[in-house]
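Structural description and commentary
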Amino acid sequence: MLRSVSVLIALSLSITGCATKYSESYNQNQTEQNSSEKNILEQVEENTVDSESTFIEAEKRYATALKANMAFYSPRNIQNAKESLKLARAQELNAEKEASLKSSKNVLSLLDEAQKNKIKVEELLPKILTKKKVLEELKTPRILAAEYNTQIDDIQSIIKKIEANESNDISKRITDIYSALETLELNTLLEIYWQPAKNTLLKAKKENADKNAPKSFSLAVNAVNKAEDLIRNDYADRIKVESYGITALRTAQQALYISRDAELLVDLTAKQAENKILQFQELLAKIGTALESKELRHMALEDQANALAQIAETQASRLTAPLNEKITKLQSLVDKLQARINNEIKN
């Protein structure tokens, strides 16, 4: 009997011990599982934050690169960055955080490479880039769009070689493109400053200026041809180029309008001619009033014009005389002051 009780007690203790061990093991497993789940949640949350912030940064830097015309300096890297950013955007929308993070980081890496390539391009193509800026200031992309785009394509071909680390054999290509850009600059200046005169001359020719006003038309032809030669020889001097163009344009305009007036005069009837003369007299009278001239309508038109010219010259001389006197006095004072300074320096 006593032995049976002992066996029962031992069995009970054994069961209790096993239960305790099982409980401890279970609790430990639960703790480890909870910890693992917590780590996973934290990792997921961290990946979510990282992917979103990196994607936002990639978008901002890509937009900045486009504004800085980075696609010109590194077309391949920018194209790859564009595709990678598009992929990252889709992955963000599909909650593929790890994939999005990887794509966004790739965008940033490609933009860094693009910046490095820009530096290389600026080092290897300084003259071409400077000439490109000159053309942009002249509005060549708008004035001669097709020619300009052709040159940009040629420049891009060199940049792609630089981007692919194949810049050893581009020196001759650089020389050729620079020469083409100089020609494009000249053509742009001709288009801006010479072509208006040429177009006016062609218009005068179409309206028979060579017959209605042969002398004026001949002068215009010479002026337009001379302007073209001068611009070609002096195109680097913008002030002279503009002056040549304006002179040619004014001469061509004069031929055009003289031709029109001459044609009108030839076709006038006696009554129309009288009315035209009266109109001219009225205009001359207005000028005379402004100059405080006496009545001149009793004189021939040419005499009226000469008289008004003399009055204008007299008044101009009277107005400028006091100014010229002051200028002379000031010049005298300056000369005396300079002489005094020179004497002080000498002593």
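See the structure shown above.
Things to note about the overall build of the chain
When you go through the chain residue by residue, the secondary structure sums to 13 helices and 0 strands. When the helices and strands of the chain are read in sequence order from the N terminus, they spell out α-α-α-α-α-α-α-α-α-α-α-α-α. For the chain, the residues scored as buried account for 28% of the 347 residues in total. Partitioning the intrachain contacts of the chain with sequence separation of at least 6 by distance along the chain shows that 69% fall at a separation of at least 24. If you sum the accessible surface of the chain, you get close to 23,700 Å²; carbon and sulfur atoms cover 55% of it.

Examining the packing of aromatic side chains
By the definition in use, this model includes 1 aromatic pair. Its end group placed over the ring of F72, K132 keeps NZ or CZ at 4.7 Å from the ring centre.

Quick notes on unusual backbone geometry
Even without being a glycine, K139 presents a positive backbone phi close to 65°. You can see K139 is positioned in the loop between helix 5 (126-137) and helix 6 (140-143). You will see that N208, though not glycine, has its phi angle at about 65°, which is positive. Mapped onto the secondary structure, N208 falls in the loop between helix 8 (171-206) and helix 9 (209-212).

Looking at the side chain of E92
Mapped onto the fold, E92 is located in helix 3 (residues 75-93). If we skip the residues at most four places from it in the chain, E92 touches S51, E52, F55, K97 and S100.

Re the pattern of salt bridges
In total, this model carries 17 salt bridges according to the counting rule given. The salt bridge involving E185 is made with R238; its shortest N-O contact spans 2.5 Å. In this pair, E185 sits in helix 8 while R238 sits in helix 11 (residues 238-266), placing the two residues 53 residues apart along the sequence. According to the relative accessible area criterion, E185 is buried, its value standing at 4%. It is possible to trace a salt-bridge network through shared partners that takes in E52, E92 and K97.

Overview of helix 8
Compared with an ideal rise of 1.5 Å per residue, which puts 36 residues at 52 Å, helix 8 spans 49 Å between its outermost C-alpha atoms and is within 8% of the ideal. When the local axis directions of helix 8 are compared, the greatest deviation, roughly 50°, occurs at W194, which is followed within four positions by the proline P196. Just downstream of helix 8, N208 is the residue with a positive phi angle, here 65°.

Some remarks on the nonpolar core
Core analysis: the biggest nonpolar cluster contains 32 residues, and F72, I78, L111, V121, L125 and I155 have the highest contact counts within it. Sorting the residues of this core by element identifies helix 1 (2-67), helix 2 (70-73), helix 3, helix 4 (97-124), helix 5, helix 7 (145-163) and helix 8 as the ones contributing at least two each. Aside from chain neighbours lying at most four places away, what touches L111 is A58, R61, Y62, A65, I78 and A81. L138, A204, F217 and L256 belong to the second largest nonpolar core, which has 22 residues in total.

Scoring rules and cut-offs
Residues numbered from 1 in each chain as written. Predicted model: local features only at pLDDT ≥ 70, side-chain atom pairs only at ≥ 80, totals over all residues. Heavy atoms only, no water. Helix = DSSP H or I, 4+ residues; strand = E, 2+ residues; numbered from the N terminus. Buried < 20%, exposed > 50% of the residue type's maximum accessible area, 1.4 Å probe, protein only. Contact = heavy atoms within 4.5 Å. Areas by Shrake-Rupley, 256 points an atom, 1.4 Å probe, with all protein chains shown as cover. Phe/Tyr/Trp six-rings, centres within 6.5 Å; stacked < 30°, edge-to-face > 60°. Lys NZ or Arg CZ within 6 Å of the ring centre and 35° of its normal. Salt bridge = Lys/Arg side-chain N within 4 Å of Asp/Glu carboxyl O. Expected span 1.5 Å × (residues − 1). Bend = angle between axes of the 7 residues up to and from the residue. Core = buried A, V, L, I, M, F, W, Y, C linked by side-chain atoms within 4.5 Å.

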